[in-house]
Amino acid sequence: QSALTQPPSASGSPGQSVTISCTGTSSDIGAYNYVSWYRQYPGKAPELLISEVNKRPSGVPDRFSGSKSGNTASLTVSGLQADDEADYYCGSNTGTNKMLFGGGTKLTVL
Amino acid sequence: EVQLVESGGGLGQPGGFLRLSCVASGFSFRTHTMHWGRQAPGKGLVWVSRITSDERTITYADSVKGRFTISRDNARNILYLQMNSLRADDTAVYFCARSVEWGLDYWGQGTVVNVSA
């Protein structure tokens, strides 16, 4: 089972928007609406930002949004702030009750 | 407040074993699916295993299948990961996490496993 594919890095200036992609297959992202996104600061545990493609848990700002088209999911961070600088991971279930994570994207705020 | 606290990490010998625990509090543990994930030093997150609330469905990543066993004690609110036949590439921080519709909404702070002779 291969990891989902994310770009290793992304960047944007404060106030701008940045979109991170996550590509899977027709057996995971393309087959289900259970894509999730996580933010992780160095040395800390991951935090859930988005579940079920586009649902934000309480407390997550609406600057974070998710979408999906075919086998590719996307996370958009709008109005970039300095503390958005972190690693971002996507996740998806598979048809065999397993889970896959993406390789991670390091977001830099310029 | 939901809390997940892992323990049991440490130095393991190649071919040896360790047992990780994750104590849950602040929510109805017996009604939630739980996961283990790991992160090798400087690397990304990797999913390890999943167990449903009733223990009827248990799945593993190919890299640990046959060596690791996930289990839970719903009376004591504890999730376990028995790790046998340890290998150097099992070295990682191990996290437990609560699942809601395949979103891992609460994570522990992790416990460090170092496999080395």
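Our subject is the structure listed above.
None of the values given here were measured: they were computed from a predicted structure. (Residues numbered from 1 in each chain as written. Chains lettered and ligands numbered in written order. Predicted model: local features only at pLDDT ≥ 70, side-chain atom pairs only at ≥ 80, totals over all residues. Heavy atoms only, no water.)

Participant: Quick question: what am I supposed to make of the state of the cysteines here?
Facilitator: Counted under the stated rule, the structure contains two disulfides over all chains. Sulfur-sulfur distance for the disulfide between C22 of chain A and C90 of chain A comes to 2.0 Å. Looking down the S-S bond of the C22 of chain A and C90 of chain A bridge, the torsion is 75°, so its handedness is right-handed. On the criterion of sequence distance, the pair formed by C22 of chain A in strand β2 (residues 18–23) and C90 of chain A in strand β7 (residues 86–93) is long-range, its members being 68 residues apart. Each member of the pair C22 of chain A and C90 of chain A is classed as buried. The partner cysteine of C22 of chain B in its disulfide is C96 of chain B, sulfur to sulfur 2.0 Å. Residues C22 of chain B and C96 of chain B share a disulfide whose torsion about the S-S bond is about 60°; that sign makes it right-handed. One end of the pair, C22 of chain B, is in strand β3 (residues 18–25); the other, C96 of chain B, is in strand β9 (residues 92–100), with 74 residues separating them in the sequence. With respect to class, C22 of chain B is no different from C96 of chain B; both count as buried. (Disulfide = S-S within 2.5 Å. Helix = DSSP H or I, 4+ residues; strand = E, 2+ residues; numbered from the N terminus. Buried < 20%, exposed > 50% of the residue type's maximum accessible area, 1.4 Å probe, protein only.)

Participant: It is not clear to me how the environment of L4 of chain B should be interpreted in this structure. Could you clarify?
Facilitator: Residues and elements named next belong to chain B. Looking at the secondary structure, you find L4 in strand β1 (residues 3–7). L4 sits 101 residues away from D105 along the chain, and the two C-alpha atoms are 11 Å apart. Those residues in contact with L4 that sit more than four places away from it in its chain are C22, V23, A24, F27, M34, C96, A97, R98, Y106, W107, G108 and Q109. (Contact = heavy atoms within 4.5 Å.)

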